[in-house]
Amino acid sequence: MRRWAETAALALALAALPAAAPAYATGSIAAGRPQTGLKIVPLTIEAGGKRHAYKVEVARTDAQQAHGMMFRTKMAPNTGMIFPMDPPRPAGFWMENTLIPLDLLFIGADGRIRNIVSNAVPKSRASLNSAGPVAAVLELAGGEADRIGAKPGDKVSW
């Protein structure tokens, strides 16, 4: 009888706590708005025998990385978003709430592209994964990696 009373008391105590909303259910994600105000840095990709210059937003915090490129309807040429990962780790992304196709370049600790997912399908929940631990993930407009001839082993600097 005592164990039942303890269990019932615990259940009542837990029920009295406010429901925890998922982190993505607040702020601009819940409102369906693109995030703004991220730091912008220069980035270059050495691919196809050329240096390709970009201005990329830096999604540094967990919240910024969770939001990513969601709700954007277009990207300006030569722009993107970089997701630094310190320490390097395997990375997985999906395209839920992302309205435009993107290329994901998974970048190793040596600054070289490990693998590329091209033209990720908007609104998809399919997991898009790195080929091992990465120090960053770069998102560019869909088709950009092919346009510049980017491939695994190419150097990325920011």
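Residues numbered from 1 in each chain as written. Predicted model: local features only at pLDDT ≥ 70, side-chain atom pairs only at ≥ 80, totals over all residues. Heavy atoms only, no water.

(A) A look at unusual backbone geometry. In this model, Asp86 is joined to Pro87 through a cis peptide bond whose omega is 5°. Note on placement: Pro87 falls in strand β3 (residues 79-89). Backbone geometry places Asn78, a non-glycine residue, at a positive phi of 60°. Along the chain, Asn78 turns up in the loop between α3 (62-67) and β3. You can call Asn78 partly exposed: its relative accessible area is 39%. The phi dihedral of Asn119 is positive, around 50°, even though this residue is not glycine. Within the secondary structure, Asn119 sits in strand β6 (residues 113-120). (Helix = DSSP H or I, 4+ residues; strand = E, 2+ residues; numbered from the N terminus. Buried < 20%, exposed > 50% of the residue type's maximum accessible area, 1.4 Å probe, protein only.)

(B) View of the sheet that holds β3. Strand order in the open sheet formed by seven strands is β6-β5-β8-β3-β2-β1-β9, with mixed pairing between adjacent strands. Unpaired on one side and paired on the other, β6 and β9 (155-157) mark the two borders of the sheet. Direction aside, the axes of adjacent strands within the sheet are offset by 30° on average. As paired elements, strand β1 (residues 40-47) and β9 share three bridges and run antiparallel to each other. Across the sheet, Glu46 pairs through a bridge with Lys155, a residue of β9. (Pairing = 2+ DSSP bridges. Axes fitted to C-alpha atoms, helices over the stretch in contact; angles between N-to-C directions.)

(C) Layout of the packing of aromatic side chains. Across all of its chains, the model carries two aromatic pairs by this definition. Between Phe83 and Phe93 the ring centres are 5.0 Å apart and the planes differ by 85°, which places this aromatic pair in the edge-to-face class. Of this pair, Phe83 sits in strand β3 while Phe93 sits in strand β4 (residues 92-93), placing them 10 residues apart in sequence. Overall, the relative accessible area of 1% leaves Phe83 in the buried class. Their ring planes at 75° and their centres at 6.4 Å tell us that Phe93 and Phe106 sit as a pair that is edge-to-face. Linking Phe93 in strand β4 with Phe106 in strand β5 (residues 102-107), this pair joins segments that are 13 residues apart in sequence. In this structure, Phe93 and Phe106 share a single accessibility class: buried. Members of the aromatic cluster, connected to one another through ring pairs, are Phe83, Phe93 and Phe106. (Phe/Tyr/Trp six-rings, centres within 6.5 Å; stacked < 30°, edge-to-face > 60°.)

Honestly, it's all geometry; don't read function into it.
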